[in-house]
Amino acid sequence: MHPSSDKISTHHSHDRGKIFAWMALISSTGYSSFLTMLPIVLSEKLGNEIYVGYYFSIIAIVSLLVSLGSTMLLRYISKVLLAKIILTSLCIIFIALTFATNIYNFALIDIARVTCITLFFIILAIFVRDFAAENEVALAEGRFYLFTNIGWVIGPLAGGFMAKTYGSESAFIFSAFCYLILVIIFFHQHLRVKNPHLHDKKEITKPNISFWKNLRDFARQKELRNAFLISYGMYCWWSISAIYMALAITEMGFSQQVVGLVFSLSVIPLILLEFHTTDAARKYGVRNLLVIGYAILAIMLLLFTQTSGNTLIKLMILVNIGSAFIEPNKEVFFFKQVNQEDEERFYGIYNASYPIAYITAPAAGALLLSSFGMNGIWFGAAFVFILMTFVALSINKKY
């Protein structure tokens, strides 16, 4: 996962909604520290970096199953109680991962980590949705990219420093500390401050609509198919970059601290450009911004294959210039395609691009790595982004 994988929709500028911004900042700081070092730790435990992609794909399947089962779980367990259990569990899990002696123990504990983190993001999104509904805030326009991205600047830097000084798994301790802070904040806000937005709200039961009918209706609309593919391509990049950029940097002989520094600096283009690219989309159209974004990603990945050492490091820092054109505009494009009454039944199908990408992209990366080495991954990703550029070009020009 990269910065954009775990964003929650809200307005960080709203006084009563700041709690969600701070929770996202702290969570992304701890989680990005963990994820930055995870591929390196896995490569050591698996004994071969090729297997790392397969591991991520299997773990993504766990996340997908948890997401599908969360609706039933939340019918029977209070989301406030579940949040307390999950946050406390994550503190213990991150520490437990540092004591895993082999890949089997590690994987068993990591399944618990994926289960808890998936549920946490779902619950936080529900809290935010309730807050937004009460304050008539448009969810789609309220994404607080800034807070999450700041966390993705701090987390890899902290994780990289700790990993270089005390070993890769020490970054997991830092993650546990961040989630301990979240535990304290959550308990304080819920029990002492009695924050009205950290509460249980009865869900409105809606009549069941056939999933297959929704899928059929979704698939019949060309622009909705395009929206799905555009989103899928972006999540493919986040999954590939999170795994293979870290492995490529260590393969070139750089330290874990350099890995953390590269990941931190690679978020800077997102922070600097995302707001501007959103404004540019209003003037020049979402379609044009998506074309530019995917074209930049494709060109940059092709340049990856022709460079090494410090030059490649610099390109890895700059590559997300392309992502900054895509990330804030991909959902804008989706919401332009659906009527308000269809948003709920179509959004779940559109959002399936996330788990599908995180299952397929790492597995494909592992196959390319085993056959062609690291350059095979960059060529494969570039090919995908060239296809996505043509998908974006096929979007109706009025968008």
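That block above? That's the structure.
Residues numbered from 1 in each chain as written. Predicted model: local features only at pLDDT ≥ 70, side-chain atom pairs only at ≥ 80, totals over all residues. Heavy atoms only, no water.

**Student:** Would you explain the side chain of Thr277 in this entry?
**Tutor:** Residue position: Thr277 is located in helix α9 (residues 256–284). A polar side-chain atom of Thr277 sits 2.8 Å from the main-chain carbonyl oxygen of Ala324. In this structure Thr277 touches Leu289, Ala324, Phe325, Pro328 and Asn329, once residues within four positions along its chain are discounted. (Helix = DSSP H or I, 4+ residues; strand = E, 2+ residues; numbered from the N terminus. Polar contact = N/O pair within 3.5 Å; in protein donor to acceptor, adjacent residues only side chain to side chain. Contact = heavy atoms within 4.5 Å.)

**Student:** I'm lost on the pattern of salt bridges in this one. Help?
**Tutor:** On inspection of all chains with the given rule, the structure shows six salt bridges. When the shortest N-O distance is used, the salt bridge between Lys45 and Glu169 registers 3.4 Å. With Lys45 in helix α1 (residues 18–46) and Glu169 in the loop between α5 (145–166) and α6 (170–192), this pair connects stretches of sequence that are 124 residues apart. Classification of Glu169 by relative accessible area gives partly exposed; the value is 25%. A salt bridge links Lys213 to Asp217; the shortest N-O distance between them is 2.9 Å. Remark: Asp217 and Lys213 occur in helix α7 (residues 211–219); sequence separation between them is four residues, near one turn of the helix. In this structure Lys213 comes out as partly exposed when scored by relative accessible area, which is 37%. The buried category is assigned to Asp217, whose relative accessible area is 14%. In this structure, a network of salt bridges that share partners links the residues Lys213, Asp217 and Arg220. (Salt bridge = Lys/Arg side-chain N within 4 Å of Asp/Glu carboxyl O. Buried < 20%, exposed > 50% of the residue type's maximum accessible area, 1.4 Å probe, protein only.)

**Student:** How do you make sense of the state of the cysteines when you look at a structure like this?
**Tutor:** Here the structure, examined in full by the defined rule, presents zero disulfides. You can see Cys178 has no disulfide; the closest cysteine sulfur is in Cys91, sitting 9.6 Å from it. On the accessibility criterion, Cys178 (5% relative accessible area) is buried. (Disulfide = S-S within 2.5 Å.)

Geometric values such as these leave the question of function open.
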